[in-house]
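Residue-level structural notes
Residues per chain, in single letters:
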Amino acid sequence: MKPNCSHRFLSWTAAIMLSVAAALSPAAAQQKAPLSPQDQETLNEVNTYFNSVRTMHGDFVQFGPEGGQVEGKFYLERPGKIRFYYNPPAQLDIIADGKSVSVLDRKVQTQDIWPLSETPLRFLLAEQIDLTKDTNVVGVVVEPDLVTVVVEDRTTFNSGKLTLIFDAQTFDLKQWTVTDAQGMDTSVAIYNVTANGPSNPKLFVIDYLAAARQSRN
């Protein structure tokens, strides 16, 4: 996987479970809109839900800006750990083990590794999450069935905007769309989600020499 593709992938997957914002450069950042009391109450409800979830797993389907579709499974254990399995023909394997994030692409036999603290996933996997402090919330829309939150943030991995859609009653995350600096959208929906179930530590072990072994085969 080319480094810039890995960077974009990390920004997309960081959004899979919650409000990890796609990054904006300072010059392009939208001004933070004042939050109404209702907006603040809604964000507090979302924060409460996310902070109650220590483990989570389920399925996801991702729609790319050019119409491509990929599916897979995810596993999360906070703080610090997540695993993304992509179904064939995709050959990606993404793991955060509490310290590092590995993006392994078996198709091209590459493995990129970054400190977790330097990726957008650090927000997703934090011990405690606060949307009003950890992200730049620029819009909140409350409808009878859905709550939409638009956030922006600054990282080195991507430039764009993240639109998150939650269930209005349970505040479960249902779908999100990342819009990058070029206006290209990537949408993801999650389903069959189980929260606070048992977790397997073996899911979050990074094989730091995987790419090197593959290249020798």
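Up top you'll find the structure we're talking about.
Residues numbered from 1 in each chain as written. Predicted model: local features only at pLDDT ≥ 70, side-chain atom pairs only at ≥ 80, totals over all residues. Heavy atoms only, no water.

Side note on the pairing of strand β3 (residues 81–86)
Stated precisely, the cut-off is as follows: Pairing between two strands is assigned when DSSP locates at least 2 bridges connecting them. Helix numbering and strand numbering both begin at the N terminus, where a helix is a DSSP run of H or I of at least 4 residues and a strand a DSSP run of E of at least 2.
The sheet contact formed by strand β2 (residues 69–77) and β3 spans 6 bridges and is antiparallel. The residue bridging E77 from the neighbouring strand is K81, located in β3. Here β2 folds back onto β3, and the loop between the two strands holds 3 residues, one of which, G80, carries a positive phi near 95 degrees. As paired elements, β3 and strand β4 (residues 92–97) share 5 bridges and run antiparallel to each other.

Looking at the pairing of strand β1 (residues 55–63)
Filter applied, for reference: Only protein chains enter the area calculation, which uses a 1.4 Å probe; residues under 20% of their type maximum are buried, those over 50% are exposed, and those in between are partly exposed.
In terms of burial, β1 is largely enclosed, as 7 of its 9 residues are buried. In terms of strand pairing, β1 meets β2 through 9 bridges, oriented antiparallel. Residue pairing for β2: H57 is matched across the bridge by Y75. Counting the residues between successive antiparallel strands, the hairpin from β1 to β2 contains 5 residues, one of them, G67, with a positive phi of roughly 95 degrees. Taken together, the 7 bridges between β1 and strand β11 (residues 185–195) define a ladder with antiparallel strand orientation. Each bridged residue has a counterpart across the sheet, and for V61 the counterpart in β11 is A189.

Focus: the environment of R122
Looking at where R122 falls in the secondary structure, it is placed in helix α3 (residues 121–124). Given a relative accessible area of 29%, R122 falls into the partly exposed group. A C-alpha to C-alpha distance of 9.9 Å links R122 and V101, two positions 21 residues apart in sequence.

Describing the pattern of salt bridges
Using the following cut-off: For this document, the term salt bridge refers to a Lys or Arg side-chain nitrogen within 4 Å of an Asp or Glu carboxyl oxygen.
All told, the structure shown has 4 salt bridges when counted by the stated rule. The partner of D59 in a salt bridge is K73, and the shortest N-O contact between them spans 2.6 Å. With D59 in strand β1 and K73 in strand β2, this pair connects stretches of sequence that are 14 residues apart. Taking the relative accessible area as the measure of exposure, D59 reaches 10% and is therefore buried.

Focus: unusual backbone geometry
Of the consecutive residues R78 and P79, the connecting peptide bond is found in the cis state with omega at 5 degrees. With respect to the helices and strands, P79 occurs in the loop between β2 and β3. Here the amide bond leading from P88 into P89 is cis, since omega sits at 15 degrees, within 30 degrees of zero. Locating P89 in the fold gives a position in the loop between β3 and β4. The phi torsion at F171 lies on the positive side, around 65 degrees, for a residue other than glycine. For N196, which is not a glycine, the phi torsion comes out positive at approximately 60 degrees.

Here we look at the nonpolar core
The cut-off we apply is this: Residue types Ala, Val, Leu, Ile, Met, Phe, Trp, Tyr and Cys, when buried and joined through side-chain atoms within 4.5 Å, form a set referred to as a nonpolar core.
Core analysis: the biggest nonpolar cluster contains 39 residues, and L125, F166 and W176 have the highest contact counts within it. Counting residues per element, this core draws most heavily on helix α2 (residues 37–52), which supplies 4 residues.

Some details on the side chain of S187
Heads up, the rule is: In protein, a polar contact means a hydrogen-donor-capable atom and an acceptor-capable atom, both N or O and within 3.5 Å, with residues adjacent in sequence counting only if both atoms are side-chain atoms; elsewhere, any N or O pair within 3.5 Å suffices.
For S187, the position within the fold is in strand β11. Owing to a relative accessible area of 18%, S187 belongs among the buried residues under this scheme. Polar contacts involving the side chain of S187 include one to the side chain of T177, which spans 2.9 Å.

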